[in-house]
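Architecture at a glance
Spelled out from the first residue to the last, the chains are:
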Amino acid sequence: MASRGGLRLVVLISGRGSNLGALITACEAGLAIEIAAAISNRPGAAGLQTAQQHGIACEVIDHQDYPGREAFDAALLACIEAYQPRLVVLAGFMRILGKSIVQHLAGRSINIHPSLLPAYTGFNTHERVLAAGDPEHGASIHFVSDELDGGPVISQVRMPVLAQDTAETLAARLLPLEHRLMVATVELFSEHSVEMRDDVIHVDKKPLPTPLVLDADGRLCRTADQ
Ligand code: GRF
């Protein structure tokens, strides 16, 4: 059972749910979080099975059952709030949320995105990194705003792009790093105050002008200039 009586989370997914799986594993290994529910907009999302196997409440709010985004967002928000989470984690959640739900969840919803934001918002990030010839790739976790992949970035993990890389090898190498970033960032929320003030992230009341970076030991560090 993914419950340690710590930071109460709701995780939103649309598919595989490997980031959700990483949080479940970390919780079962002692991370002070409680995964109150996994909510998917797709009934067949594989991640729901993972959640169910670990005794986590599963909910489906299928976007196809609603006439438009507003109705879907309202149902999703009601479902989220029923679990009273302190943090809502979008982990491979493939729906864009409208202004109203984003405002309701402001400062307590985060999303993981497979690029070094602000570069490459949206889809096909691995392909675009290769096409641009970038030497580096990575993933970011940011506060959710009403701009796609656009909210303030809390944390990042970086990795080199190798000469022989394809989109597939980049994705495969990045995914385990995403999992570590996800766990470390949720741990940050569980142990520290992470809040937005005047559009600037503050960790324990100290401004964070640039994102925290995951080091080789899986710890989030401030960059040297901070
Ligand atoms: C991850 O690459 C994440 O960065 C992106 O969607 C993918 C979700 O994977 N937003 P999973 O469902 O957690 O396995």
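Here's what I pulled together on the structure shown here. (Residues numbered from 1 in each chain as written. Predicted model: local features only at pLDDT ≥ 70, side-chain atom pairs only at ≥ 80, totals over all residues. Heavy atoms only, no water.)

Counting its secondary structure elements, the protein contains six helices and twelve strands. Against the compact-globule benchmark of 17 Å for 226 residues, the protein has a radius of gyration of 17 Å, which places it among compact chains. Taken over the C-alpha atoms alone, the protein extends approximately 45 × 40 × 35 Å along its principal axes. Per-residue burial for the protein yields a buried fraction of 48% across its 226 residues. For the protein, the share of sequence-separated contacts (at least 6 apart) that also reach a separation of at least 24 residues comes to 61%. Carbon and sulfur atoms form 52% of the exposed surface of the protein, whose accessible area is close to 10,600 Å². Counting 18 positive and 26 negative side-chain charges, the protein places the averaged centre of each group 3 Å from the other. (Helix = DSSP H or I, 4+ residues; strand = E, 2+ residues; numbered from the N terminus. Rg over C-alpha atoms; globule rule 2.2 N^0.38 Å. Buried < 20%, exposed > 50% of the residue type's maximum accessible area, 1.4 Å probe, protein only. Contact = heavy atoms within 4.5 Å. Areas by Shrake-Rupley, 256 points an atom, 1.4 Å probe, with all protein chains shown as cover. Lys, Arg positive; Asp, Glu negative; His and termini not counted. Charge placed at Lys NZ, Arg CZ, Asp CG, Glu CD.)

The amide bond that connects Leu117 to the next residue, Pro118, takes the cis arrangement and shows omega of 15 degrees. Turning to its location among the elements, Pro118 is positioned in the loop between strand E5 (109-113) and helix H5 (125-132). We note that Gln84 has phi near 45 degrees; this positive angle belongs to a residue other than glycine. Even without glycine at this site, Tyr120 takes up a positive phi of about 60 degrees. With respect to the helices and strands, the residue Tyr120 is situated in the loop between E5 and H5.

Moving on to the packing of aromatic side chains. Each aromatic ring pair is specified by the distance between its two centres and by the angle formed by the two planes. Tallied over the full model, the rule gives two aromatic pairs. Geometrically, the ring pair formed by Tyr66 and Phe72 is edge-to-face, given 6.1 Å between the ring centres and 65 degrees between the ring planes. Judged by relative accessible area, Tyr66 falls into the partly exposed class, the value being 28%. Judged by its relative accessible area of 3%, Phe72 is buried. Their ring planes at 80 degrees and their centres at 5.9 Å tell us that Phe143 and Phe189 sit as a pair that is edge-to-face. Taken as a pair, Phe143 in strand E6 (residues 136-143) and Phe189 in helix H6 (residues 167-191) lie far apart in primary sequence, 46 residues in all. (Phe/Tyr/Trp six-rings, centres within 6.5 Å; stacked < 30°, edge-to-face > 60°.)

Let us now look at the environment of Val157. Following the sequence through the fold, Val157 ends up in strand E7 (residues 153-160). Each C-alpha atom, one on Val157 and one on His126, is 14 Å from the other, the two residues being 31 residues apart in sequence. If sequence neighbours within four positions are ignored, Val157 has contacts with Leu116, His137, Gly138, Ala139, Leu174, Leu177, Leu181 and Leu214.

Once that is clear, we can look at the pairing of strand E4 (residues 87-90). Of the two faces of E4, the one lined by Leu87 and Val89 and the one lined by Val88 and Leu90 are each fully buried. Assessed by its sense of winding, the connection that carries the chain from E4 through helix H4 (residues 99-104) to E5 is right-handed. (Right-handed = clockwise from strand over helix to strand, strands pointing away.)

Moving on: the layout of surface pockets. Where empty space is left in the structure can be found by rolling a water-sized probe over the atoms. Of the volumes computed, that of the largest pocket is approximately 910 Å³. Looking at the largest pocket, it is lined by 36 residues, and the ones nearest its centre are Gly92, Met94, Ile112, His113 and Pro114. Only helix H1 (18-28), E5, H5 and H6 provide two or more residues apiece to the lining of the largest pocket. Considered class by class, the residues forming the lining of the largest pocket number 14 nonpolar, 14 polar and eight charged. There is about 210 Å³ of room inside the second largest pocket. (1 Å grid on protein atoms, 1.4 Å probe; cavity = no way out; pocket = protein on both sides within 12 Å on 5 of 7 lines; lining within 4 Å. Points joined across faces, edges and corners; volume = space filled by probe spheres on them. Nonpolar A, V, L, I, M, F, W, Y, C, P; charged D, E, K, R; others polar.)

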